[in-house]
Amino acid sequence: MARITDELVIRGNHIKNRIVMAPMVTFSFHGDNRSYYGRQHIEHYTKRAKGGTGLIIVQATSVFGALYSTGMWSVDDVAALKQIANNCHKYGATIMMQLHCGNMDINRLSDEEIHSMQMNMKQAAIRASEIGFDGVEYHFAHGFTLCKFLDASYNRRTDGYGGDALNRARILTKILPDIRNNIHKNFIIGVRMGEYLPESRDGIEAARAFEKAGIDLLHISFGMQPPTHPVPEGFIYSPITWSGCKIKKEVNIPVIAVNEIRTEEQVRFLIENNYVDFAAIGRGMLADPEFASHVINSEPVNMCSECKRCFWFTNHTLCPAGSQYSDNQ
Ligand SMILES: Cc1cc2nc3c(=O)[nH]c(=O)nc-3n(C[C@H](O)[C@H](O)[C@H](O)COP(=O)(O)O)c2cc1C
């Protein structure tokens, strides 16, 4: 039986436990000197690393700008990101960065535009490794650009990026060898995606295509829309979490499940029954930066209040559950 505190080694990275901080954009934070990342982000992630989290996935970061050190890759952004990576390592957390490609209509992208996006996708991973991150996660979920490539009903391309699952995953798999050749061998490359694309079999085929291409880690959330399919009796989580458990059975690489995982019992149930390898915590991690150590030590968790208004999308200081831990303004 796997335990929450069992380490899991991916490409030589010893992830010390099975609790992951889900990627979450910190909308009301701002950087210093007009950068995007800054002191607030450093404190935010350092607290969650200090709180015992095994793997931290830093929020969606746009790949655009990686080639010319603009956007979220400015000198000041990179300095803050370096500090985040160093601090997280100091507390024993493994740290990855989620890479985002915006929200474009992929059916209208020209060959040149696709090529340019791929160059930014590659460069962003290289920059992340130079900054000190242990890996990246490409954001193929939640209806954004990369998700649209994967979804068999949205993607109407007739070139090598449309058609079967291998083609739909090609936006990343084509450049993967090139990325690997330019980064040290321990760098983790993961994908966040959904199961229903739009059918379950589409997601399973895409997951297998990524595994076959050499992706190290899958993080299963949802595709174009959250699924509403029923879950088996006795399964105490949402259909999104069940998607993670289903994909886990179809691949031989580690899988992260996410969504509304709030308590020690829920984390244990998933890990100890081998449903998945990791449980990712989103809002629960906002409400309680020490979520991981509380769960590991069977101490009370400061629960997300389920207000459903997630103030973290607008002003995190208004979060009713997070206020007692509120990060510096
Ligand atoms: C404030 C906020 C920001 C988010 N930003 C991202 C993001 O940058 N990338 C992403 O893939 N998901 C993002 N999500 C979704 C979370 O990663 C997670 O999948 C979702 O909150 C469900 O997990 P939870 O019930 O534990 O919160 C965000 C969620 C919240 C609440």
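Keep in mind it's a predicted model, so treat the numbers as computed, not measured. (Residues numbered from 1 in each chain as written. Predicted model: local features only at pLDDT ≥ 70, side-chain atom pairs only at ≥ 80, totals over all residues. Heavy atoms only, no water.)

> What should I look at first to understand the side chain of E264 in this one?
Along the polypeptide, E264 turns up in helix α10 (residues 264-272). On the basis of relative accessibility, which here comes to 14%, the residue E264 falls in the buried class. If near-sequence neighbours (up to four positions away) are discounted, E264 is found in contact with V295 and S298. (Helix = DSSP H or I, 4+ residues; strand = E, 2+ residues; numbered from the N terminus. Buried < 20%, exposed > 50% of the residue type's maximum accessible area, 1.4 Å probe, protein only. Contact = heavy atoms within 4.5 Å.)

> Would you explain the site of the ligand in this entry?
Around the ligand there are 19 residues in total, and P23, Q98, R192, E260 and R283 lie nearest to it. In this structure, an oxygen atom belonging to the ligand sits 2.8 Å away from a main-chain N or O atom of G282. The fraction of the free accessible surface of the ligand (610 Å²) that becomes covered by protein chains is 92%. (Near = heavy atom within 4 Å. Polar contact = N/O pair within 3.5 Å; in protein donor to acceptor, adjacent residues only side chain to side chain. Areas by Shrake-Rupley, 256 points an atom, 1.4 Å probe, with all protein chains shown as cover.)

> Can you walk me through the nonpolar core in this structure?
Judged by nonpolar contacts, the single largest core of 93 residues is most densely connected at Y138, M193 and L218. If one sorts the elements of this core by residue count, helix α3 (residues 111-131) sits on top with eight residues. Other than its neighbours up to four places away in sequence, Y138 contacts L99, M121, K122, A125, L146, L172, I179, I189, G190, V191 and R192. Among the nonpolar cores identified, the runner-up in size contains 16 residues, and L8, L55, I57 and I240 belong to it. (Core = buried A, V, L, I, M, F, W, Y, C linked by side-chain atoms within 4.5 Å.)

> Sorry if this is basic, but what is going on with the pairing of strand β5 (residues 94-100) here?
For β5, the buried fraction is high: seven of the seven residues fall into the buried class. A two-sided burial pattern is seen for β5, the buried positions comprising T94, M96, Q98 and H100 on one face and I95, M97 and L99 on the other. Here strand β4 (residues 55-62) pairs with β5 via six bridges, running parallel. Among the inter-strand pairings, I56 is bridged to a residue of β5, identified as I95. Bridge analysis of β5 against strand β6 (residues 135-139) gives four bridges, and the strand direction is parallel. Each residue of the ladder has a partner; that of L99, found in β6, is Y138. For the segment spanning β5, α3 and β6, crossover handedness is right-handed. (Pairing = 2+ DSSP bridges. Right-handed = clockwise from strand over helix to strand, strands pointing away.)

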